[in-house]
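# Structural overview
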Amino acid sequence: MKKTSQISGFYKLSIEERIQILKEFAGLEPEDVELLKRPGALPIERADKMVENVIGKIEIPLGVAANFLINGREYFVPMATEEPSVIAAASNAAKLTRSKNGITTSNTGPVMISQIQTVGVNDPFGAKMAILENRQEIIEQANNQDPVLVKLGGGAKDIEVRVIDTKMGPMVITHLIVDTRDAMGANAVNTMAEALAPTIEKITGGRVYLRILSNLAVKRLVRAKTVVSKEALGGEEVVDGIVMAYAFAEADPYRAATHNKGIMNGVTAVVLATGNDTRAIEAGAHAYAARFGRYTSLSTWEKNKDGDLVGTLEMPMAVGLVGGATATHPIAKLAVKILGVKTAVELAEIITATGLAQNLGAVRALATEGIQRGHMALHARNIAINAGAVGEQIDRIAEIMVKEGKVKMDRALELLKQLK
Ligand SMILES: CC(C)(COP(=O)([O-])OP(=O)([O-])OC[C@H]1O[C@@H](n2cnc3c(N)ncnc32)[C@H](O)[C@@H]1OP(=O)([O-])[O-])[C@@H](O)C(=O)NCCC(=O)NCCSC(=O)C[C@@](C)(O)CC(=O)[O-]
Ligand SMILES: NC(=O)C1=CN([C@@H]2O[C@H](COP(=O)(O)OP(=O)(O)OC[C@H]3O[C@@H](n4cnc5c(N)ncnc54)[C@H](OP(=O)(O)O)[C@@H]3O)[C@@H](O)[C@H]2O)C=CC1
């Protein structure tokens, strides 16, 4: 039987049934299943080795979004999020993208930029030329720091030098361009930059201060595209509404921030589930959204000649499969196994595709019925819990509030009193 992540009503199954499907889909072992169910899958002793001053752990729900078809391959996408309706919306939108060809992606390779800041140079442009004249030596010295990376086909590949004007006078900024293969690469490129500092000082006669990667990872971009048929969306009017929503976000930073938050609902959830650095991805995303000097939408939505919707998303996606917490957190390792990805680039493409679908889910709702019905219906259970409901009361109170169209704390409290 062909493996598919398109399972209608997946969300109506029990946790046990969902795990069984995933077990077959991703080839999970009994111990993987046990890990998913175990309370506190991250041992406190392991947590204590991951960060400092550990006193406990905070748990976030882990779900899988169904229906993803990316580059012709089926995926259940693991998502860690505290926000209701995010995983439902991603699954719903992924289903819509199947009306044509799913989501397709491409990338610019796993290439990071590390910055070396040099100050106190009288002739900054002369210093720039001197650094560039020593390009080969600088690259070789950087690569001596990480023979493993070089052996894997990565390592420092190039340098770029910029002279910038600052409040403290001109600065010479050297960019070391490094292919970090399957690592996010922060540690790898920071080590290289620190090792290069004395050489840069010798070449320029200046003083080096900062040696650190840039999270504006413009050489590590991922692009995702989808075409959604107008019929699947409910007609050309819905396509027009989504295009209008995009035009609003493109033109107005107040709207763009929320539009991009909708993208990051999907992106951050997969980044977190796979143990990657959420802050690095968020910093990169928002800096990229402001690269034209004005904060704008990360995605685009257009109508093609057939009246169908065309969506694209391009953003930096510096995620890894080795290093960071990906290889140390047991659930992150399992999330990678569920995805079945073998390279960091493949993971980056899935995350970006999820961001595009997530954005579609939100703007489709916003351009039609509004966000509240779908979102509040799923948020109702949280409100019921907040009001003090337990066990079966939770679903019962949520159901009544959704039916009445009044998902509110005061109503939940009233209903709880009645049920008691
Ligand atoms: C919530 C839905 C999907 C309901 O939508 P619906 O039309 O009522 O759903 P449906 O019953 O017709 O089901 C359609 C599909 O949705 C999925 N689905 C349906 N229900 C569930 C569920 N309980 N659990 C998991 N998956 C669910 C599932 O894949 C299902 O397919 P099926 O399995 O039936 O073949 C829809 O209203 C929606 O997509 N809304 C958008 C919600 C959203 O974007 N939430 C994000 C939080 S709001 C925010 O933070 C960002 C924002 C909005 O501000 C960004 C912005 O402004 O751009
Ligand atoms: N601004 C930011 O975003 C910053 C982020 N960070 C943090 O840095 C961490 C990520 O650093 P990162 O450099 O990725 O992690 P690591 O340094 O842990 O891992 C990278 C190293 O793994 C080795 N390696 C083994 N196999 C591979 C492979 N297939 N591909 C690539 N490298 C391989 C390499 O060499 P070798 O074996 O020689 O080590 C490489 O240098 C994250 O925790 C992040 O939060 C840190 C500072 C700043």
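Data block above holds the structure.
As the structure is a computational prediction, the values presented were derived from the model and not from experiment. (Residues numbered from 1 in each chain as written. Chains lettered and ligands numbered in written order. Predicted model: local features only at pLDDT ≥ 70, side-chain atom pairs only at ≥ 80, totals over all residues.)

With that out of the way, let us pick up the overall build of the protein chain. Of regular secondary structure, the protein chain possesses 17 helices and 10 strands. Against the 2.2 N^0.38 benchmark of 22 Å for 420 residues, the protein chain shows a C-alpha radius of gyration of 24 Å, consistent with a compact globule. Over its C-alpha atoms, taken along the principal directions, the protein chain stretches across nearly 80 × 55 × 50 Å. The proportion of buried residues among the 420 residues of the protein chain is 42%. (Helix = DSSP H or I, 4+ residues; strand = E, 2+ residues; numbered from the N terminus. Rg over C-alpha atoms; globule rule 2.2 N^0.38 Å. Buried ≥ 20, exposed ≤ 12 C-beta atoms within 10 Å, placed from the backbone.)

Mapping R373 onto the fold places it in helix 15 (residues 372-387). Counting along the chain gives 34 residues from R373 to V407, while the straight-line C-alpha distance between them is 9.5 Å.

Another aspect to go through is the pairing of strand 9 (residues 299-303). Bridge count for strand 9 against strand 10 (residues 309-316) is five bridges, and the pairing is antiparallel. Residue pairing across strands places E302 opposite V310, the latter belonging to strand 10. Hairpin connection, strand 9 to strand 10: the antiparallel pair is bridged by five residues, and G307 has positive phi, about 85°. (Pairing = 2+ DSSP bridges.)

What follows covers the sheet that holds strand 6 (residues 169-179). Pairing in this open sheet of four strands is antiparallel, and the strands run 5-6-4-7 from one edge to the other. Two strands lie at the open edges of the sheet, namely strand 5 (155-166) and strand 7 (207-213), each paired on one side alone. Between one strand axis and the next, the sheet turns through 20° on average, direction left out of account. As judged from the five bridges shared by strand 4 (residues 111-119) and strand 7, these two strands associate in the antiparallel manner. Looking at the pairing, I116 lines up with R211 of strand 7. (Axes fitted to C-alpha atoms, helices over the stretch in contact; angles between N-to-C directions.)

Around ligand 1, 29 residues are found, and the nearest of them are S8, Y11, N92, G262 and G374. Every element with two or more residues in the shell around ligand 1 is listed here: strand 1 (62-70), helix 4 (86-97), helix 11 (253-273), helix 14 (344-367) and helix 15. Of the residues forming the shell around ligand 1, the biggest block, seven residues, is contributed by helix 4. Viewed by domain, the shell around ligand 1 spans two of them, domain 1 (10-104 + 223-369) and domain 3 (373-419), each represented by three or more residues. (Near = placed C-beta within 6 Å. Domains from an automatic or database assignment.)

As a further point, take the nonpolar core. Core analysis: the biggest nonpolar cluster contains 103 residues, and M79, L176 and V319 have the highest contact counts within it. Considering every element that reaches this core, the biggest residue donor is helix 14, with 14 residues. With near-sequence residues (within four places) excluded, V319 lies in contact with M184, V271, T274, N276, I281, A344, L347, A348 and I351. Residues M376, I383, V407 and A412 belong to the second largest nonpolar core, which totals 13 residues. (Core = buried A, V, L, I, M, F, W, Y, C linked by C-beta atoms within 7 Å. Contact = placed C-beta atoms within 7 Å.)

Helix-helix packing: each pair is described by the crossing angle between the helix axes and the interaxial distance. Look at helix 5 (residues 124-133) against helix 8 (residues 186-204): their axes get within 9 Å of each other, and the N-to-C directions meet at 125°. Taken together, the axes of helix 5 and helix 8 are oblique relative to one another. Seen from above, helix 5 lies across helix 8 with right-handed handedness. Every residue of helix 8 that contacts helix 5 at A127, A130 and I131 is listed here: I200, I203 and T204. Across the contact of helix 5 with helix 8, the residue classes break down as five nonpolar, one polar and no charged. (Parallel < 35°, antiparallel > 145°, perpendicular 65-115°, else oblique. Left-handed = near helix turned anticlockwise from the far one by under 90°. Nonpolar A, V, L, I, M, F, W, Y, C, P; charged D, E, K, R; others polar.)

To continue, consider unusual backbone geometry. The phi dihedral of N53 falls on the positive side, at around 55°, and the residue is not glycine. Secondary-structure assignment places N53 in the loop between helix 3 (44-50) and strand 1. Given 5 C-beta atoms within a 10 Å radius, N53 is considered exposed. At N67, a residue that is not glycine, the phi angle is positive and equals roughly 80°. Locating N67 in the fold gives a position in strand 1.

Direction vectors running N to C along helix 11 and helix 12 (residues 278-289) enclose 150°, while the axes themselves pass 10 Å from each other. Taken together, the axis directions place helix 11 and helix 12 in an arrangement best described as roughly antiparallel. Both helix 11 and helix 12 take part in a crossing whose hand is right-handed. Along the contact surface, helix 11 presents A256, N260, M264, V267, T268, V271 and L272, while helix 12 presents T278, I281, E282, A285, H286 and A289.

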